[in-house]
Amino acid sequence: FLYMRLGIFGGTFDPIHLGHLILAEHCREACRLDRVLFIPAGQPPHKSERQITPGKLRLEMVELAIAGHPAFAASSIELDREGPSYSADTLAALSLEHSGAELFFLIGSDSLLELASWYQPARIATFATVVVATRPGTERPNLEPLRAVLGPHAVEQLVQHFVVIPL
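Read on for an overview of the structure.

Cut-offs and rules
Residues numbered from 1 in each chain as written. Predicted model: local features only at pLDDT ≥ 70, side-chain atom pairs only at ≥ 80, totals over all residues. Heavy atoms only, no water. Helix = DSSP H or I, 4+ residues; strand = E, 2+ residues; numbered from the N terminus. Rg over C-alpha atoms; globule rule 2.2 N^0.38 Å. Buried < 20%, exposed > 50% of the residue type's maximum accessible area, 1.4 Å probe, protein only. Contact = heavy atoms within 4.5 Å. Areas by Shrake-Rupley, 256 points an atom, 1.4 Å probe, with all protein chains shown as cover.

### A closer look at the overall build of the protein chain
Helix and strand counts for the protein chain stand at 7 helices and 6 strands. Along its sequence from the N terminus, the protein chain presents helices and strands in the succession β-α-β-α-β-α-β-α-α-β-α-α-β. Taking 167 residues into account, the globule formula puts the C-alpha radius of gyration at 15 Å, and the protein chain, at 15 Å, falls close to it. Considered along the principal axes of its C-alpha atoms, the protein chain spans approximately 40 × 35 × 35 Å. Considering the protein chain as a whole, with its 167 residues, one finds that 44% of them fall into the buried category. Considering only intrachain contacts with a sequence separation of at least 6, the fraction spanning at least 24 residues in the protein chain is 78%. Per element, the accessible surface of the protein chain, about 8800 Å² overall, is 55% carbon and sulfur.

### Focus on the side chain of Glu 25
Take Glu 25: it is sitting in helix α1 (residues 18-30). Those residues in contact with Glu 25, other than ones at most four positions away along the chain, are His 69 and Phe 72.

### A short note on the environment of Thr 90
Following the sequence through the fold, Thr 90 ends up in helix α3 (residues 87-97). Taking the relative accessible area as the measure of exposure, Thr 90 reaches 3% and is therefore buried. Along the primary structure Thr 90 and Ile 39 are separated by 51 residues, whereas in three dimensions their C-alpha atoms are 9.4 Å apart. Residues within four places of Thr 90 in sequence aside, it is in contact with Ile 39, Ile 77, Glu 78 and Arg 81.

Structural data, given as structure tokens:
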């Protein structure tokens, strides 16, 4: 396998919109990613009470939105799996599927604030570098809740890149 810097961008994408594409492109440029993989969530555990569009249709929307961008691709990995979609499990599977690739997990600063409540958040850092996208003028999020869950030094290891997205 050739060495690759692979961005992993998961989300409900219901629907995918220009903000998602801008975030992915800015992270791609800032982190020198060879490819960004868009992954529509199968069953997002934090949105279980909300009605979402069927996964097949959300995947088709993603494929249409990224068509023509040579560094963007879509994956159905979470849609193909039964049960809730956990980022830690997806990253574990992708690290096997793309052995030799360096994984970068792209999230917005809003998701970073929720990360402490995610399933096995510390495992995420074992598979990928977390890249947090923020808007210009936005304060860096308060990382204390994450430190309480992950430990004092884990957060600095987990979050190595803040990318400012001019939206």
